[in-house]
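Close look at the chain arrangement
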Amino acid sequence: MSDEPREHRLKRLHMRSMRRGIKEMDLILSTYAGRHLADMTDAELDVYDTLLNENDQDLYRWVTGQEAAPTHLADLVGAVSRTFQP
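Residues numbered from 1 in each chain as written. Predicted model: local features only at pLDDT ≥ 70, side-chain atom pairs only at ≥ 80, totals over all residues. Heavy atoms only, no water.

**Concerning the nonpolar core**
We count it as follows: The term nonpolar core refers to a set of buried residues drawn from Ala, Val, Leu, Ile, Met, Phe, Trp, Tyr and Cys, joined through side-chain atoms within 4.5 Å. For the exposure calls, accessible area comes from a 1.4 Å probe over protein chains only, and a residue counts as buried if that area is under 20% of its type's maximum, exposed if over 50%, partly exposed in between. Helix numbering and strand numbering both begin at the N terminus, where a helix is a DSSP run of H or I of at least 4 residues and a strand a DSSP run of E of at least 2. Residues are treated as being in contact if the distance between any of their heavy atoms lies within 4.5 Å.
With 20 residues, the main nonpolar core has L29, Y48, L51 and V80 as its most contacted residues. Those elements giving two or more residues to this core turn out to be α2 (23–36), α3 (42–52), α4 (56–63) and α5 (74–81). What Y48 contacts, discounting residues up to four positions off in sequence, is L13, S17, L29, Y32, A33, L37, M40 and L76.

**Section: the pattern of salt bridges**
This is how the line gets drawn: Every case where a carboxyl oxygen of Asp or Glu lies within 4 Å of a side-chain nitrogen of Lys or Arg is listed as a salt bridge.
A full pass over the atoms with the stated rule returns nine salt bridges. One salt bridge in this structure joins D42 and R6, with 3.1 Å as the shortest N-O distance. In this pair, D42 is assigned in helix α3 and R6 in helix α1 (residues 6–18), connecting sequence segments 36 residues apart. Overall, D42 belongs to the partly exposed group, its relative accessible area being 32%. Under the relative-accessibility criterion, R6 is labelled partly exposed at 32%. Across the pair R61 and E67 runs a salt bridge, and its minimum N-O distance is 3.0 Å. Exposure remark for R61: the relative accessible area of 25% places this residue in the partly exposed category. Salt bridges sharing common partners tie together E4, R12, R16 and D49.

**Side note on the packing of aromatic side chains**
Going by this rule: In summary, the pairing rule links any two rings of Phe, Tyr or Trp, Trp by its six-membered ring, whose centres are within 6.5 Å, and it sorts them by plane angle into stacked for under 30 degrees, edge-to-face for over 60 and tilted for everything else.
Counted according to the given criterion, the structure contains one aromatic pair. Pairing Y32 with Y48 gives two aromatic rings, centres 5.9 Å apart and planes at 25°, and the pair type is stacked. Of this pair, Y32 sits in helix α2 while Y48 is found in helix α3, placing the two residues 16 residues apart along the sequence.

**Re the packing of α2 against α4**
Our working rule: For helices, the fitted line uses only the C-alpha atoms of the stretch in contact; every axis is such a line through C-alpha atoms, and the angle between N-to-C directions lies from 0 to 180 degrees. Each angle is binned into one of four classes, with values under 35 degrees roughly parallel, values over 145 roughly antiparallel, values of 65 to 115 roughly perpendicular, and all other values oblique. Note: crossing handedness is left-handed where the near helix turns anticlockwise from the far helix by less than a right angle, and right-handed where it turns clockwise.
In contact at an axis separation of 10 Å, α2 and α4 are set at 60° when each is read in the N-to-C sense. The orientation of α2 with respect to α4, classified from their angle, is oblique. You can see that α2 and α4 cross each other, and the crossing is left-handed. Contacts from E24, M25, I28 and L29 in α2 reach D56, L59, Y60 and V63 in α4.

Fair warning: the whole summary comes from geometry, so function is off the table for now.
Next comes the structure, spelled out in structure tokens:
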């Protein structure tokens, strides 16, 4: 766990969610971050931070169900993928 203040961490994670390599992931992750980051526990933020280190093309395939996400990210990827579902 980091010594980074929670407020700074949330801002950093939200910014990283908006500044991705591909526009689709900018939209998906920034929307998810805006809706959920503030309510996440520190452990959940750790997993989200790990997710943000993944390659955008891989993330996009996981979120859209084209490929299965790695086990350690599967629950979070599922939550992210539901961001735009009715």
